[in-house]
Amino acid sequence: MARVLYLYSQALQADSPHARRTFQMLALLNEAGFKADLLTLPGGDPWPSGLVEHIYVTPRVPFTKTLKPYGTGVRRIWATIVMALTTVRLFMTHHYDIVHCSDRAIRIGGLIAWLFGTHFVFEWRTSSGHDLIRWAKWRSRRFRNSVSLVITDTTYTVTQLRESGLYGKIASILMYPHPLLTPLPPPKMRNAPFSRQFRVVALSHDDKLADLTHFCDALSLILHHQNIHVTLVGGTPANAERLRQRLAHRYPHTMGALIVRPAAIDSNDFVDCITDADLVFLPVCRGITPPTLLLDTMACGRAIMATRCPAYEPLLTHQNAALVGADANQIADCIQHHLQSPMRCAELARLAEETIKRERNISSAISALRSCYTFILMEPRA
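Cut-offs applied
Residues numbered from 1 in each chain as written. Predicted model: local features only at pLDDT ≥ 70, side-chain atom pairs only at ≥ 80, totals over all residues. Heavy atoms only, no water. Pairing = 2+ DSSP bridges. Helix = DSSP H or I, 4+ residues; strand = E, 2+ residues; numbered from the N terminus. Axes fitted to C-alpha atoms, helices over the stretch in contact; angles between N-to-C directions. Contact = heavy atoms within 4.5 Å. Phe/Tyr/Trp six-rings, centres within 6.5 Å; stacked < 30°, edge-to-face > 60°. Buried < 20%, exposed > 50% of the residue type's maximum accessible area, 1.4 Å probe, protein only. Parallel < 35°, antiparallel > 145°, perpendicular 65-115°, else oblique. Left-handed = near helix turned anticlockwise from the far one by under 90°. Expected span 1.5 Å × (residues − 1). Arc of directions from axis to C-beta. Right-handed = clockwise from strand over helix to strand, strands pointing away. Patch = residues over 30% accessible without salt bridge, like charges linked within 9 Å, V, L, I, M, F, W, Y side chains within 5 Å. Areas by Shrake-Rupley, 256 points an atom, 1.4 Å probe, with all protein chains shown as cover. Salt bridge = Lys/Arg side-chain N within 4 Å of Asp/Glu carboxyl O. Core = buried A, V, L, I, M, F, W, Y, C linked by side-chain atoms within 4.5 Å.

**Q** Which residues make up the sheet that holds strand E13 (residues 322–324), and what values go with them?
**A** Pairing is parallel across the open sheet formed by six strands, whose spatial order is E10-E9-E8-E11-E12-E13. Two strands bound the open sheet, and with one partner strand each, they are strand E10 (258–261) and E13. If you compare each strand with its neighbour and ignore which way they point, the axes differ by 20° on average. Seen against the sheet, helix H7 (residues 213–222) touches strand E8 (198–203), strand E9 (228–233), E10 and strand E11 (279–282) and runs at an angle of roughly 170° to E9. Running at roughly 160° to E13, helix H11 (residues 328–339) makes contact with E8, E9, E11, strand E12 (304–307) and E13 of the sheet.

Written out as structure tokens, the structure is:
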């Protein structure tokens, strides 16, 4: 059985999207039948049990607990040197068929491939803000030849792949919902528009909840309905409290129908936030890859209203979601339309759930990773 050394070049922040992608990749390796060891920096959160065979930690590197995945500077250089030396030591005392790297550990993987002739795999994440094709074109031919496989979280055209110089070496394995999330029981059916309370939940991607500005402006147009209840979810506890106070001052007579709570801390908390929701609102999201909030909401089987942006386009259409512009009037009109159409939310919830099951299937991801790894292991080493 092939053995893999996975390099995670920072201290773990377990609740970050970056860590979530790493957990998914390690779980896929495990499910695909590969044995993986992990090398990481010290000082972070505890790693979940069962993801890897062994966890190795580099010697202490000061001030790396808050080191960003894509940062530069003296701390990053120091951390890279320490991790490179520790990786070399591990390869001298253990047998590994593949070195699998993420983010800044890519440089270490290139070094290991050159020193030990091992297979070199790295992940490219669009959250880095850099373009893989442009980055790869400026790498040396020797480096590109040393790469066995690049795993990305988005897709590329054939033309882009050819331009990269890594054609035939790039595999797209997309993010999927949290594995513990399953479709929730549907909210109680509303046989008539005002037969029971209509619950709207707005989820923020931003620690400061600034992306909910248009939604907050729309509240003045919808809170006059006595049977509407709104929950805003996101941000740090301090920022959530500040927003609650501002809204209490702005809408003093409707706060019983308006709740503000911090971002969910885990999957159970997330489920608690949206269990009773008839409609879940998602504001504009940066980037081009669907965010975890969208994936998880679809997996839970909830109707979605989202602000149109590139990050939602791979999964949301006018058939499975209510898409609106970044405008308070459009948001308010959409909520009122669904309030008066009792069956529409149930239909959107069903279609969203079907879409995520079809487009982000874990079994397909496992099969894809197994095929990629099996293929590169059959190739001669660098």
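**Q** Lay out the packing of aromatic side chains in plain terms, naming residues and giving numbers.
**A** Applying the stated criterion across every chain yields a total of eleven aromatic pairs. When the ring of phenylalanine 120 is compared with that of phenylalanine 143, the centres are 5.9 Å apart and the planes differ by 75°; the resulting orientation is edge-to-face. Here phenylalanine 120, found in strand E5 (residues 119–124), pairs with phenylalanine 143, found in helix H5 (residues 141–146); they are 23 residues apart in sequence, far enough to count as distant. Of the two residues, phenylalanine 120 and phenylalanine 143, both sit in the buried class.

**Q** Provide a residue-level description of the packing of H7 against helix H8 (residues 237–250), including the pertinent values.
**A** Contact geometry for H7 and H8: axes closest at 12 Å, N-to-C directions at 25°. By the angle class used here, H7 and H8 are roughly parallel. Considering the relative orientation of H7 and H8, their crossing is right-handed. Across the interface between the two elements, Cys216, Asp217 and Leu219 from H7 touch Leu243, Leu247 and Arg250 from H8.

**Q** Could you give me a rundown of H8, with the residues and numbers involved?
**A** In this model, H8 (14 residues) spans 20 Å end to end at C-alpha, consistent with the 20 Å of a helix rising 1.5 Å per residue. Where H8 is concerned, the buried positions are Asn239, Ala240, Leu243 and Leu247. Down the axis, H8 shows its buried residues gathered within 100° of arc, on one side only. Across from the buried face of H8, at angles greater than 90 degrees, the exposed residues are Pro237 and His249. Lining the buried residues of H8 we find H7, E9 and E10.

**Q** Residues and numbers for the pairing of strand E4 (residues 98–102), please.
**A** Within a regular strand, the side chains alternate between the two sheet faces. Counting buried positions over the five residues of E4 gives five, a clear majority of the element. Residues Ile98, His100 and Ser102 point to one face of E4 and Val99 and Cys101 to the other, with burial holding for every one of them. Two strands pair when backbone bridges link them, and strand E1 (residues 3–8) and E4 are joined in this way by five bridges, in the parallel orientation. Considered in E4, the bridge of leucine 7 is made with cysteine 101. In the sheet, E4 pairs with E5 via five bridges, with the strands oriented parallel. Note that in E5 the partner of histidine 100 across the bridge is valine 121. At this point the chain moves from E4, through helix H3 (residues 106–116), to the parallel E5, and the crossover so formed is right-handed.

**Q** Lay out the sheet that holds E4 in plain terms, naming residues and giving numbers.
**A** Across the sheet, seven strands lie side by side as E3-E2-E1-E4-E5-E6-E7; this open sheet has parallel pairing. Since the sheet does not close on itself, it has two edges, and those belong to strand E3 (54–57) and strand E7 (170–172), each with one partner. The average angle at which neighbouring strand axes cross in this sheet is 20°, direction not considered. Note: strand E2 (residues 35–40) against E3, four bridges, orientation parallel. Its bridge partner lying in E3, aspartate 37 is registered against histidine 54. Relative to E5, H3 is tilted by about 170°, and along the sheet it contacts E1, E4 and E5.

**Q** Report on a nonpolar patch on the surface, specifying residues and quantitative values.
**A** There is a patch of nonpolar side chains on the surface, built from Met92, Leu111, Trp114, Leu115 and Phe116 and spanning about 540 Å² of accessible area. Ranked by residues supplied to the nonpolar patch, first place goes to H3 with four residues. Along the chain, phenylalanine 116 turns up in helix H3. By relative accessible area, which is 32% here, phenylalanine 116 ends up partly exposed.

**Q** Describe the nonpolar core, and please don't skip the residues or the numbers.
**A** With 35 residues, the main nonpolar core has Phe215, Leu219, Val230, Leu232, Leu247, Met305 and Ile335 as its most contacted residues. Sorting elements by how many residues they give to this core places H11 first, with six residues. Leaving out residues up to four positions away in the same chain, leucine 232 has contacts with Ala202, Leu212, Phe215, Cys216, Leu243, Leu247, Leu258, Ile259, Val260 and Arg261. Residues Leu7, Leu90, Tyr96 and Val99 belong to the second largest nonpolar core, which totals 34 residues.

**Q** Explain the pattern of salt bridges to me, and be specific about the residues and the numbers.
**A** Under the definition given, this model contains twelve salt bridges. Arginine 20 is the salt-bridge partner of aspartate 296, the closest N and O atoms lying 2.8 Å from each other. Of the two residues, aspartate 296 is situated in helix H10 (residues 292–299) and arginine 20 in helix H1 (residues 17–31); the sequence distance between them amounts to 276 residues. For aspartate 296, a relative accessible area of 7% puts it in the buried group. With a closest N to O distance of 2.9 Å, arginine 125 and glutamate 123 form a salt bridge. Overall, the relative accessible area of 1% leaves glutamate 123 in the buried class. Shared partners join several salt bridges into a network, and the residues in it are Arg261, Asp269 and Asp272.

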